[in-house]
Structures are given as structure tokens and as C-alpha cells.
Amino acid sequence: MKVAIVGAGICGSSAARYVAIKGHDVALFEQFELGHDLGSSHGNSRIVRKAYPDPFYTQCMTEAYPLWAELERHADQRLLNEVGLFYFGKSDSPRVLDVANGLTEVGVPFQTLDAMQAADLLPGLKLDSDEICIYTPEAGWVDARGAIQANLRVLRSLGAVILTDYPIHWEQLENDFDAFVVCPGPWIRQFVNVPVQTTLQTFAYVGSEQPQEGPVWIEDGPLGMYGFPTEPDRIDFKIGVHELGRDVGLSDLDRTPAIHHAAFIKDLAQQRFGIQDAELRLVKGCVYTSTINEDFLLGRIGERGFFASACSGHGFKFGPWIGKLLASFVEGDDGPENHPRFFWDASILA
Ligand SMILES: Cc1cc2nc3c(=O)[nH]c(=O)nc-3n(C[C@H](O)[C@H](O)[C@H](O)COP(=O)(O)OP(=O)(O)OC[C@H]3O[C@@H](n4cnc5c(N)ncnc54)[C@H](O)[C@@H]3O)c2cc1C
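Counting restarts for each chain: residues are numbered from 1 in the order of the written sequence. It should be noted that, the model being predicted, local features are given only for residues of pLDDT at least 70 and side-chain atom pairs only at 80 or more, the latter also being counted only at that level, while totals for whole chains, interfaces and linings use all residues.

Draft legend 1. Just the nonpolar core, in detail. Core membership is restricted to buried Ala, Val, Leu, Ile, Met, Phe, Trp, Tyr and Cys residues, and these are joined into a nonpolar core through C-beta atoms within 7 Å. Around each residue's C-beta, the other C-beta atoms within 10 Å are counted; 20 or more make the residue buried, 12 or fewer make it exposed, and counts in between make it partly exposed. All C-beta atoms are placed from the backbone. Ranked by size, the top nonpolar core spans 110 residues in total, and within it Ile-5, Ala-15, Val-19, Val-26 and Leu-326 carry the most contacts. Two residues form a contact once the distance between their C-beta atoms, set from the backbone, is within 7 Å. Ignoring sequence-local partners within four residues, the contact set of Val-19 consists of Val-3, Ile-5, His-24, Val-26, Ala-327 and Val-330.

Draft legend 2. Structural detail: the sheet that holds strand 3 (residues 45–48). One bridge is not enough; two strands pair if DSSP finds at least two bridges between them. A run of H or I in DSSP becomes a helix once it reaches four residues, and a run of E becomes a strand once it reaches two; helices and strands are each numbered from the N terminus. Strand order in the open sheet made by the 3 strands is 3-8-4, with antiparallel pairing throughout. Edge positions in the sheet fall to strand 3 and strand 4 (80–81), since each has one partner strand and no second. As defined by bridge partners, strand 3 adjoins strand 8 (residues 140–143) across 4 bridges and the pair is classed as antiparallel. Bridged to Ile-47 within strand 8 is Trp-141. Its contacts with the sheet put helix 6 (residues 144–157) on strand 3 and strand 8, and the angle it makes with strand 8 is roughly 50°. Only the contacting stretch of a helix is used when fitting its axis, a line to C-alpha atoms as for every element, and angles between N-to-C directions run 0 to 180 degrees.

Draft legend 3. Here's a closer look at the site of the ligand. For each residue, a C-beta atom is positioned from the backbone; the residue is called near a molecule or strand if that atom sits within 6 Å of it. Among the 37 residues in the neighbourhood of the ligand, the closest are listed as Gly-7, Gly-9, Gly-39, Gly-185 and Gly-315. When residues are sorted by character, Ala, Val, Leu, Ile, Met, Phe, Trp, Tyr, Cys and Pro go into the nonpolar class, Asp, Glu, Lys and Arg into the charged class, and all the rest, Gly among them, into the polar class. Looking at side-chain class alone, the shell around the ligand contains 20 nonpolar, 14 polar and 3 charged residues.

Draft legend 4. Local environment of the sheet that holds strand 12 (residues 197–206). Taking strand neighbours across the sheet as the criterion, the 8 strands line up as 6-7-5-13-14-15-12-16 in an open arrangement whose pairing is mixed. The outermost strands of the open sheet, each flanked by one partner alone, are strand 6 (111–113) and strand 16 (280–290). Across the sheet, the axes of successive neighbouring strands diverge by a mean angle of 20°, strand direction being ignored. Bridge analysis of strand 6 against strand 7 (residues 131–136) gives 3 bridges, and the strand direction is antiparallel. When the bridges of strand 7 are listed, Thr-112 appears paired with Ile-134.

This is the structure:
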């Protein structure tokens, strides 16, 4: 079959790889150049974790996690840095308790640490005496840019065509291809009517006197702050804000990060790591495409098309898994209706 895939982010590039592995004739369309920073997948790193307050996602991750090793094997490239994850917050926080219960339910190994034990593994981290830390060793961060490049390299080796600076429209997908899959990230509403909000998020690298070693981490709190250890060849380390930023329209390409989010990052660096008046380097904007409950959306476009909207700020780790699902939809082995938590019966915007 001649199959078109729209979007060279993590979902589109993964779907294209799996569809090409099935032996189909794949064309991947990207509206900008490869590696651009206007969508959701750009940058060096994304958290990969099994720890979720909702055990549904912990369960999904038991399938999604090994697909990173599979991509590493296909591409002969190391992508996942398995440094573990801290999920910390008040010991009586319902979300912290839900994370621990979900990990127990699904059988994922974890430990509950107090402030001193946590600081042993993540030097400099300051937790209050009424806070605890859920530590899962099966977690870490993935090289985001490298993962997409790995997908594209495998794709090229399978003879697929990658067309850049090519904003494709629904009519051409319908007319020229036997099947198509759209993974357009924040541009999803060009194709289908789905209940998503697109917002500008901020992350920054915090100047530090020495490299930060240890796990990736998520703070249980209203701002959903999260962070990473120092990446290879750097000395600073990355912190981001999950709280939704300003709305981003379909044709709005302004990615200037929010000043107040940058201030939250400085505050966090001081409060949790004791860094006074932190110097922020590389403060960047990146777009989330979120549903109200942070679930992903999967559905059909007409008779032969499928879409995925897998963001809500946590979709990267599921990219290969979503890509594999989409390939099984194209093959007719599965359908979005079989995934009720994600299925959205969308009307087409022709
Ligand atoms: C700041 C930030 C931090 C995040 N942190 C994490 C994390 O730690 N862990 C995690 O798991 N997830 C994280 N996420 C979420 C994750 O990055 C996203 O879920 C994921 O990148 C979505 O990928 P995508 O392929 O669906 O979309 P995108 O990466 O946006 O890709 C869509 C692509 O489609 C292209 N496109 C759109 N329309 C067309 C068209 N008509 N023709 C051709 N091309 C088109 C776009 O140009 C774009 O390249 C984070 C997101 C952000 C913004």
C-alpha cells in the first residue's frame, strides 16, 4: 500500500517507521524543516517513566517502555538514559499515594524514600520533613532529537521518502494514497475537530557550578515542575513547568517563553537545590496539545485515514507505542474504536 504519514515529530516518525517495517511504501510529510522547534518534540530530552497517578498509563507503559530498547536496536544507537525517576511531594498527597498504589498494582519496582535518602541519590535536593519521594529505577530520559533522527534513519534505510517544507492537506492524502496517518501535533485541528487546547510551555537550563547527577524528577504541586540531571557535555541542568501557559493559535508561530514561568524555574532552583538567583540559559518555548483530562486521542479520518493527538505534556515516552498502534490500524489488525480511553469520533474539517 502507498501510505502517507503527516508530521516528523516523535509520533509521526515512529508511525512511519512501523508502517515501513510492515513493508508498505511510505511517504512522510513535514511542513517545516526536520528538527524545527515550533512543534512539541524538539530539544534534547524527555522524561520516560512508569510512575503515573493514573495506573492506566502505568499499565500502558509496560508495553511502551521496551519499545525504546527496540528502537535502539533498530537504529544501533543509545537513546534511553535509565537514571530512574523521583516523584516527590507531601506524604499525604492523593497523587503521591496514587502513584505508589498504581506501581504496586501493575508490579513496577519502586522505593519510598525520605528527605535524606532522596538527597543521597539526587545530591542537593531539598525535601521538607513532611514530604516523601517515590523512586522508580525503571525510568529516565530519552534523547529526544536522537530518537526522531533514529526513526528517520531506519525509515530511509527501508526506502521511505521524507518530504520537508511540505504542508500537506487532507484532499491530497485522500486522493493520492491508499491509507494515511496524521500526527500533526499542535496543528491537529487543521484536519479534525478535536477537544484540545494548545499552549506555550517553558523550560530552561539552570546554571550550576557542577553537573547535577541522579534521576529525573517530578514535583507534585500546582505548577507540575519537573527536571533532569545534567546532560552529557553540559554543566547546567534542565527544569520545566507543566502548568499550562498562554494559548497558541494554529497560525501563531511565536515561541517566546513566558517570563513568569522562567521566574518559577528560578524559584524552584533556589527552593529545591539551594541555587540563589539562578542563571537561566537557553530559556525555550514548546507547545503542548492538551485534552482536559490529559488523555491522548486516536481516531479515524474518513475511510482510510487515522489521527493521533498524543501530547498533554506526556506523550513523547509513548511515541513508539502510538506509532506501532497506528501501523496496526493501517494494516487493519486493530482500530481506534478498540481503545475506548483514547477513541475520539471526530468530524473532519475538509
Ligand atoms: C516543554 C515540553 C516538555 C515535554 N516533556 C515531556 C516529557 O518529559 N516526557 C514525555 O513523555 N512527553 C513530554 N512532552 C510531550 C511530548 O513532547 C509530546 O507529546 C510529543 O512531542 C508530541 O509529538 P507529536 O509527534 O504528536 O507532535 P509534534 O512533535 O508537534 O509533531 C507534529 C509535526 O507535524 C507537522 N505538521 C503539522 N501539520 C502538518 C501538515 N499539514 N503537513 C506536514 N506536516 C505537518 C509539524 O510541523 C510537526 O513537526 C513535552 C512537551 C513539551 C512541549
